[in-house]
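Close look at the chain arrangement
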Amino acid sequence: MLSLSSLVLWSLGALSLRVLWRSVLRVYLSPLRVVRGPPVPSILYGHVRQVCRAGNATTMREWAAQYGQNVFCRYLLQVPCLWTADPLTVRHILHSGNYSKPWETRMSAAKIIGDGILVAEGERHRGQNPAFGPTQIREFVPIFIEKAAELRDIWLDALSVQGERPVINVLDGLKKMTLDVIGLAGFDYHLEALNAHGKPNELNEAFYQLFNVTPPLSLYRLLMDNLPFLDFFPDKRARIVQDAQATMRRIGMELIQDRKAAVAREVAGKQGVIDKKDLPGKDLLTLLIKANMATDIPEQQRLSDEEVLSQIPTFLVAGHETTSTAAAWCLFALTQSPNVQSKLREELLAVDTECPTMEQLTSLPYLDYVVRETLRLHTPVTFTLRGAERDDAIPVSQPFVDRHGQVQHDIRIAKGNRIIVAILAMNQSTAIWGEDALQFKPERWANPPKEAADIPGAWSNMMTFSGGPRACIGFRFSIAELKALVFTLVRAFEFELAGTPDDITMVGMFTQRPALKSELATGAQMKLIVRPYVR
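Below is a summary of the structure that appears in this document.

**Considering the overall build of the protein chain**
Counting its regular elements, the protein chain contains 19 helices and 12 strands. Out of the 535 residues in the protein chain, the part that is buried amounts to 50%. On the protein chain, roughly 24,900 Å² of surface is accessible, and the fraction owed to carbon and sulfur atoms is 56%.

**Topic: the pattern of salt bridges**
Note on pairing: side chains with opposite charge can pair once their charged atoms come close. For the structure on display, the rule yields 18 salt bridges. Across the pair Arg138 and Glu359 runs a salt bridge whose closest N-O atoms are separated by 2.5 Å. With Arg138 in helix 7 (residues 134–159) and Glu359 in helix 15 (residues 358–362), the pair connects residues that are 221 residues apart, well separated along the chain. What makes Arg138 partly exposed here is its relative accessible area of 38%. Between Arg372 and Asp368 there is a salt bridge, with its nearest N and O atoms 2.5 Å apart. Highlighted residues: Arg372 and Asp368, both in helix 16 (residues 365–377), separated by 4 residues, approximately one helical turn. Judged by its relative accessible area of 13%, Asp368 falls in the buried class. Linked through salt bridges whose partners overlap, the residues forming this network are Glu373, Arg376, Asp436, Lys441 and Arg444.

**So, unusual backbone geometry**
One non-glycine residue with positive phi stands out, namely Gln78, at about 70°. With respect to the secondary-structure elements, Gln78 resides in the loop between strand 1 (70–74) and strand 2 (80–84). Of note, Ser460 is a non-glycine position whose phi angle comes to about 60°, a positive value. Among the structural elements, Ser460 can be located in the loop between helix 18 (430–433) and helix 19 (475–492). Note on Ser460: relative accessible area 13%, which makes it buried.

**Some points on helix 8 (residues 170–187)**
Taking 1.5 Å per residue, 18 residues should reach 26 Å; helix 8 reaches 26 Å between its end C-alpha atoms and fits that length. Of all 18 residues in helix 8, 15 are buried, a share of seventy percent or more. Within two residues after helix 8, Asp188 carries a phi angle of roughly 55°, on the positive side.

**Quick notes on the side chain of Thr511**
Tracing the backbone shows Thr511 in the loop between strand 10 (504–507) and strand 11 (513–516). When its relative accessible area of 16% is taken as the criterion, Thr511 is described as buried. Here Thr511 is in contact with Glu321, Thr325, Pro380 and Val381, once residues within four sequence places are set aside.

**Observations concerning the packing of helix 8 against helix 19**
Viewed as axis vectors pointing N to C, helix 8 and helix 19 meet at an angle of 130°, and their least axial separation amounts to 12 Å. Relative to helix 19, the element helix 8 lies oblique. Helix 19 is crossed by helix 8, and the crossing has right-handed handedness. For the pair formed by helix 8 and helix 19, the contact residues are Leu174, Met177, Thr178, Val181, Ile182 and Ala185 on the first element and Phe477, Glu481, Leu485 and Leu489 on the second. Partitioned by chemical class, the residues of the contact of helix 8 with helix 19 number 8 nonpolar, 1 polar and 1 charged.

**Regarding the pairing of strand 1**
Strand 1 sits mainly inside the fold: 5 of its 5 residues count as buried. Examined bridge by bridge, strand 1 and strand 2 share 5 bridges and lie antiparallel to one another. When the bridges of strand 2 are listed, Val71 appears paired with Trp83. Hairpin connection, strand 1 to strand 2: the antiparallel pair is bridged by 5 residues, and Leu77 has positive phi, about 60°.

**As for the sheet that holds strand 5 (residues 384–388)**
A sheet is described by the order of its strands in space; here 5 strands give the open sequence 1-2-8-5-3, paired in mixed fashion. In this open sheet, the two strands that pair with only one neighbour each are strand 1 and strand 3 (99–100). Examined bridge by bridge, strand 2 and strand 8 (residues 418–421) share 4 bridges and lie parallel to one another. Bridging from a neighbouring strand, Cys81 pairs with Arg418 of strand 8. This element, helix 3 (residues 57–67), spans strand 1 and strand 2 of the sheet and lies at about 120° to strand 1.

**Structural notes on the pairing of strand 11**
Alternating positions in strand 11 separate into two faces, Arg513 and Ala515 on one and Pro514 and Leu516 on the other, with burial throughout. Counting the residues in the hairpin turn of strand 10 and strand 11 gives 5 residues, including Gly508, whose phi is positive at 110°.

**Digging into the packing of aromatic side chains**
Taken as a whole and assessed by the stated rule, the structure comprises 11 aromatic pairs. Ring centres of Trp329 and Phe332 lie 5.7 Å apart, and the angle between their planes is 80°; this geometry places the pair in the edge-to-face category. Here Trp329 and its partner Phe332 are both found in helix 13 (residues 305–336), 3 residues apart, which amounts to about one turn of the helix. Over the ring of Tyr45 we find Arg49, and its NZ or CZ is 3.9 Å from the ring centre. We note Arg345 situated over the ring of Tyr533; from NZ or CZ to the ring centre the distance is 4.9 Å.

Cut-offs used in this document
Residues numbered from 1 in each chain as written. Predicted model: local features only at pLDDT ≥ 70, side-chain atom pairs only at ≥ 80, totals over all residues. Heavy atoms only, no water. Helix = DSSP H or I, 4+ residues; strand = E, 2+ residues; numbered from the N terminus. Buried < 20%, exposed > 50% of the residue type's maximum accessible area, 1.4 Å probe, protein only. Areas by Shrake-Rupley, 256 points an atom, 1.4 Å probe, with all protein chains shown as cover. Salt bridge = Lys/Arg side-chain N within 4 Å of Asp/Glu carboxyl O. Expected span 1.5 Å × (residues − 1). Contact = heavy atoms within 4.5 Å. Axes fitted to C-alpha atoms, helices over the stretch in contact; angles between N-to-C directions. Parallel < 35°, antiparallel > 145°, perpendicular 65-115°, else oblique. Left-handed = near helix turned anticlockwise from the far one by under 90°. Nonpolar A, V, L, I, M, F, W, Y, C, P; charged D, E, K, R; others polar. Pairing = 2+ DSSP bridges. Phe/Tyr/Trp six-rings, centres within 6.5 Å; stacked < 30°, edge-to-face > 60°. Lys NZ or Arg CZ within 6 Å of the ring centre and 35° of its normal.

This is the structure we're talking about:
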């Protein structure tokens, strides 16, 4: 007969094994392992460095060609991971409540930008959606056009003092323009990024310190980002982040208090009954504050000042980096297709105003084709990451043969496994877009391939803005801003690549920013020969 101490030890051992199984072994001994995939290059990093490496599109195409649309790979510390460019699989992942952003991704992002909408999940994400509908975007178009014209004039001044071969790093100006736009449209704040002769702006400087340099992926960086107690030993990067966040927090709280006071003054005398449609203000920050102060909003949908504050760096990140990157790639694509550039300019010059409305921008079919093709072929964000909340059977578009030679009709995945949704791979898939998928052909949007209808994206049968409840809520904002930029700049200038196409590469992990192989140390840039267009 077992003694009491033996029984206790046996019970503790059984409990430990159960915890070990549920927390560790069950994750690693996943049925996902039967899916075929490439050899693992690193014990610590798995395939993460390959997936995150800028300019990795060739590697991802090789994976798809050799293993199919669903590929088994390894995440950090060998955690099983599914890389997928299968439309049906992606639809299930993005629309199922079983998959959310992994804790390490949320923690790492929150450390930089706070607990905003890019980090929030579930009901908190839905509750933080600011207004990005057509009505609000229509109000922002004059800001887009004004700042695009300001950038145009800055380039004209720069060209007036250059020689016969006027070269401009267009990405630099585009980043400043889109940063100014989100400052005004996001929270009615003049960042003055385009004003090279003005007084340095604190918020602009803080944002620059946070996001100008992306640290390389390393085990040390991962530990610093995901283990908060290591902040007791901050490195140079951590100190820069802390100082920049302190500045953004101070200015952000001032903006919030100013907006709340302004709204309170406007609604004074309404006897405590405030409808959100009665409240003034058009910028996104004011719209959030209006929603919080309106009496017709349920309590559970209100945000605290801290939650509103976290939206400011979120607006800055989501509202400027991707659009400026897309605009730079668009101008590059036009340099490689002079006929497209000429045809587009002809359509734009037929508009009898330099300040078009949203309706006028929307009515230009070839501009729409060019923007769509840019966002398909040169999607700024190349992938998104999800984690399985529970065991699941994931559907696939076609049966596949696993690593044991067995035909499978679905993919089994374990709780805790990771999924990489291959956005760029889907946008460039020859199985979907045809053999010319890697060519810049705006005309394809006059009659898109029927296979594209299966892509579960939020916009235009592509994955550029993701899909499902976690899709990019600002896609209308980004598209309208990109159209306003292209409208203004292509009417005013002719663009030619300053170097050779072979020298163009990408830098960045999640965002593929253009760079030069010959000047990688300089970072992201796009050098173009820019000449004023003479009618």
